[in-house]
Amino acid sequence: MLVILSGVSGAGKDTIKKELIKRMKDVISLPSYTSRQPRPGEEDGDSYHFISREEFEQKIKENEFYEYDLHHNQYYGTSRKLLNEKIQSKKIIVKDIEVNGTENLVYLLKEDTKIITIFLKVSEEELRNRLKNRGDNLSNEEIELRIGRLKYEESKIKNYDYMIKNDNFEKTVSIIENIIKEENKLIKDG
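Residues numbered from 1 in each chain as written. Predicted model: local features only at pLDDT ≥ 70, side-chain atom pairs only at ≥ 80, totals over all residues. Heavy atoms only, no water.

Tracing the backbone shows leucine 120 in strand β8 (residues 115-121). You can call leucine 120 buried: its relative accessible area is 1%. Leucine 120 sits 57 residues away from asparagine 63 along the chain, and the two C-alpha atoms are 30 Å apart. Residue contacts for leucine 120: discarding those within four places in its chain leaves Ser6, Gly7, Ala11, Gly12, Lys13, Ile16, Ile164, Asn166, Thr172 and Ile176. (Helix = DSSP H or I, 4+ residues; strand = E, 2+ residues; numbered from the N terminus. Buried < 20%, exposed > 50% of the residue type's maximum accessible area, 1.4 Å probe, protein only. Contact = heavy atoms within 4.5 Å.)

Two packed helices can be described by the angle between their axes and the distance between those axes. Direction vectors running N to C along helix α1 (residues 13-23) and helix α8 (residues 169-189) enclose 60 degrees, while the axes themselves pass 10 Å from each other. One element, α1, and the other, α8, form an angle in the oblique class. Note that α1 runs across α8; the crossing there is right-handed. Side by side, α1 and α8 meet where Thr15, Ile16, Glu19, Leu20 and Arg23 of the first sit next to Phe169, Glu170, Thr172, Val173, Ser174, Ile176, Glu177 and Ile180 of the second. Of the residues that constitute the contact of α1 with α8, the class distribution is six nonpolar, three polar and four charged. (Axes fitted to C-alpha atoms, helices over the stretch in contact; angles between N-to-C directions. Parallel < 35°, antiparallel > 145°, perpendicular 65-115°, else oblique. Left-handed = near helix turned anticlockwise from the far one by under 90°. Nonpolar A, V, L, I, M, F, W, Y, C, P; charged D, E, K, R; others polar.)

Moving on, we come to the nonpolar core. Among the nonpolar cores identified, the biggest contains 26 residues, and Val3, Leu20, Ile118, Ile176 and Ile180 are the most heavily contacted of them. Among the elements of the structure, β1 (2-6), α1, β7 (92-96), β8, α5 (124-133), α6 (140-148) and α8 are those that each provide at least two residues to this core. Counting residues per element, this core draws most heavily on α8, which supplies four residues. When near neighbours in sequence (up to four residues on either side) are disregarded, isoleucine 176 contacts Leu5, Ile16, Leu20, Ile118, Leu120 and Ile164. Counting residues in hydrophobic clusters, the runner-up holds 17 residues, among them Ile4, Leu30, Leu82 and Ile93. (Core = buried A, V, L, I, M, F, W, Y, C linked by side-chain atoms within 4.5 Å.)

Attention now goes to the environment of leucine 108. Relative to the assigned elements, leucine 108 resides in helix α4 (residues 99-109). Residue classification places leucine 108 among the partly exposed residues on the basis of a relative accessible area of 38%.

Look at α5 against α6: their axes get within 10 Å of each other, and the N-to-C directions meet at 145 degrees. Crossing angle aside, the handedness with which α5 passes α6 is right-handed. Listed contacts from α6 to Glu124, Leu127, Arg128, Leu131 and Lys132 of α5 are Ile143, Glu144, Arg146 and Ile147. Classifying every residue of the contact of α5 with α6 gives four nonpolar, no polar and five charged.

Moving on, we come to the side chain of threonine 102. Tracing the chain through its elements places threonine 102 in helix α4. Beyond its immediate sequence surroundings of up to four residues, threonine 102 is in contact with Ile4, Ser6, Ile97, Thr117 and Tyr160.

Here it is, written out as structure tokens:
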């Protein structure tokens, strides 16, 4: 089963994913490839595989991604090889990805893999606070770029199985944990 977490940059996708992995024994992460530089504390292979723009573009030419997108002037993509390996493991895969990537993955994989899509919603005010305090020293221009994408991302909520207002970390993680358990039970019982 593939669980996709989406939401605007700063919605809490990565933090929630890491907490789910800590709490649930059968949950694993699927790192994305990106051409951006690591933020303080990020390790290669944890949430992302950091590669150069040139390496990313070569992988595009070699059709190594199920989907990829140029997002905030950086590439992000889902490796065919990595995702297929994780699916074979029979674990529950949690992936954080933006809305266009979600649409592409669902379209490409819906016949072969059980996919659960969850959109994390945050208010503009909360988002602004998170982006300012995140620790990656975003300029005001970069913060406004991310906030400017909020309406577009929210316009895609109707495409998701679940929408959760992420205004309380513990509550949000608990809700998602329950969704995963119930959806996994349906697969096993079905």
